[in-house]
Amino acid sequence: MKRVLLVEDEDSIREMVALNLKMAGWEVLEAPSAERALELMHQSQPCDAALLDIMLPGMDGLSLCETIRRDNSAIGIIMVSAKGQEEDKIRGLSIGADDYITKPFSVSELIARLEALARRVRRTAAAEGKAVEEPDQLVSGPFVLDEKSRVLYKSGKPIDLTQVEFQIMELFFKNPATALVREKILEGVWGAGYYGDVKIVDVNIRRLRMKIEDEPSNPQHILTVWGYGYRWNA
Ligand code: CA
């Protein structure tokens, strides 16, 4: 069963979201605070996804995201922010969230996004459980993308990527030296019919550059195509 951690301090919102998620076939771990969420995560089976409200009493959703991401790169994380917290959203994405949604949101949109995230997580799990046949590796310059372990290597050194980052790299490796328009990256990674804006692509690219470029401010591999998108250069 798909399992999601739901962290929201407003009881009425949490209960309403939990009810809808359960009806959509999710098992829901509910927590009114970050502290309780961490407790629950230690006590139970791993979750496929987490839905984290940013404004929480005590530890906030951003710190919680950072804490969860520190030892779990596979879980899909969606941040929930209130209107006008643009900077929190961007910060959330830069510390490892995969997606964000703004309050008030429609529950059906929320579930659609969660399902998309969970599909990616399950695909990864399936890839890890696959019997050892030929190694599925994409090679580009000094980089090797290992599809089985979902790890990127640069000159033999492993680089830990989130699911979204991994998929962006896959897209680049399969389209070398090709200018990819941001909308295409968005569709390729987040799926057709994604409701979010293309800024999420830029934030993930910024984070990827921090991880793979020698000098993130002067990138040699992920090049900006002004007014269009990005191009991979091995
Ligand atoms: Ca709140």
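Here's what I pulled together on the structure shown here.

About the cut-offs
- Residues numbered from 1 in each chain as written.
- Predicted model: local features only at pLDDT ≥ 70, side-chain atom pairs only at ≥ 80, totals over all residues.
- Heavy atoms only, no water.
- Helix = DSSP H or I, 4+ residues; strand = E, 2+ residues; numbered from the N terminus.
- Rg over C-alpha atoms; globule rule 2.2 N^0.38 Å.
- Buried < 20%, exposed > 50% of the residue type's maximum accessible area, 1.4 Å probe, protein only.
- Contact = heavy atoms within 4.5 Å.
- Lys, Arg positive; Asp, Glu negative; His and termini not counted.
- Charge placed at Lys NZ, Arg CZ, Asp CG, Glu CD.
- Donors = N, O, S within 2.8 Å, 3.2 Å for Na, K, Ca; no water.
- Disulfide = S-S within 2.5 Å.
- Pairing = 2+ DSSP bridges.
- Axes fitted to C-alpha atoms, helices over the stretch in contact; angles between N-to-C directions.
- Salt bridge = Lys/Arg side-chain N within 4 Å of Asp/Glu carboxyl O.
- Core = buried A, V, L, I, M, F, W, Y, C linked by side-chain atoms within 4.5 Å.

### Here we look at the overall build of the protein chain
Line of reasoning, step 1. Within the protein chain one finds eight helices and twelve strands.
Line of reasoning, step 2. Taken over C-alpha atoms, the radius of gyration comes to 18 Å for the protein chain, in line with the 17 Å a tight globule of 234 residues would show.
Line of reasoning, step 3. When the backbone C-alpha atoms are referred to their principal axes, the protein chain occupies close to 50 × 45 × 30 Å.
Line of reasoning, step 4. For the protein chain, buried positions account for 51% of its 234 residues.
Line of reasoning, step 5. Taking as baseline every contact in the protein chain between residues at least 6 positions apart, the subset at least 24 positions apart corresponds to 56%.
Line of reasoning, step 6. Counting 30 positive and 37 negative side-chain charges, the protein chain places the centres of these two groups 3 Å from one another.

### Notes on the coordination of the calcium ion
Line of reasoning, step 1. In this structure, D9 (OD), D53 (OD) and M55 (O) serve as the protein donors to the calcium ion, at separations of 2.1 to 2.3 Å.
Line of reasoning, step 2. Taken in chain order, the donor set of the calcium ion reads D-x43-D-x1-M.

### Structural notes on the state of the cysteines
Line of reasoning, step 1. Considering all chains together, one arrives at zero disulfides under this definition.
Line of reasoning, step 2. C65 supplies the cysteine sulfur nearest to C47, a cysteine that is in no disulfide, at a spacing of 14 Å.
Line of reasoning, step 3. Given a relative accessible area of 7%, C47 falls into the buried group.
Line of reasoning, step 4. Residue C65 is classed as buried on the basis of its relative accessible area of 0%.

### Remarks on the pairing of strand β3 (residues 49–53)
Line of reasoning, step 1. A large share of β3 lies buried, amounting to five of its five residues.
Line of reasoning, step 2. Residue alternation in β3 divides its side chains into two sets, A49, L51 and D53 and A50 and L52, and both sets are buried.
Line of reasoning, step 3. Where strand β1 (residues 2–7) lies against β3, four bridges are found, and the strand directions are parallel. Of the residues in β3, the one forming a bridge with L6 is L51.

### Details of the sheet that holds β3
Line of reasoning, step 1. Strand order in the open sheet formed by five strands is β2-β1-β3-β4-β5, with parallel pairing between adjacent strands. Pairing within the sheet leaves two strands with one partner each, and these edge strands are β2 (26–31) and β5 (99–102). On average, each strand axis in the sheet is inclined to that of its neighbour by 20°, with strand direction left out of account.
Line of reasoning, step 2. Where strand β4 (residues 76–81) lies against β5, four bridges are found, and the strand directions are parallel. Following the sheet pairing, V80 is matched in β5 by I101.

### Considerations on the side chain of E213
Line of reasoning, step 1. By secondary structure assignment, the location of E213 is in the loop between α8 (199–212) and β11 (222–225).
Line of reasoning, step 2. We note that E213 is buried and unpaired, the nearest opposite charge coming from R209 at a distance of 4.9 Å.

### Topic: the nonpolar core
Line of reasoning, step 1. Of all hydrophobic cores here, the largest spans 52 residues; its most connected members are L52, M169 and F172.
Line of reasoning, step 2. Considering every element that reaches this core, the biggest residue donor is helix α6 (residues 163–174), with seven residues.
Line of reasoning, step 3. Excluding residues that lie within four positions of it along the chain, M169 makes contacts with L145, L152, L161, L208, I212 and W232.
Line of reasoning, step 4. Grouped together as the second largest cluster of nonpolar side chains are 19 residues, V17, W26, L117 and A118 included.

Shape is all these values report; function is a separate question.
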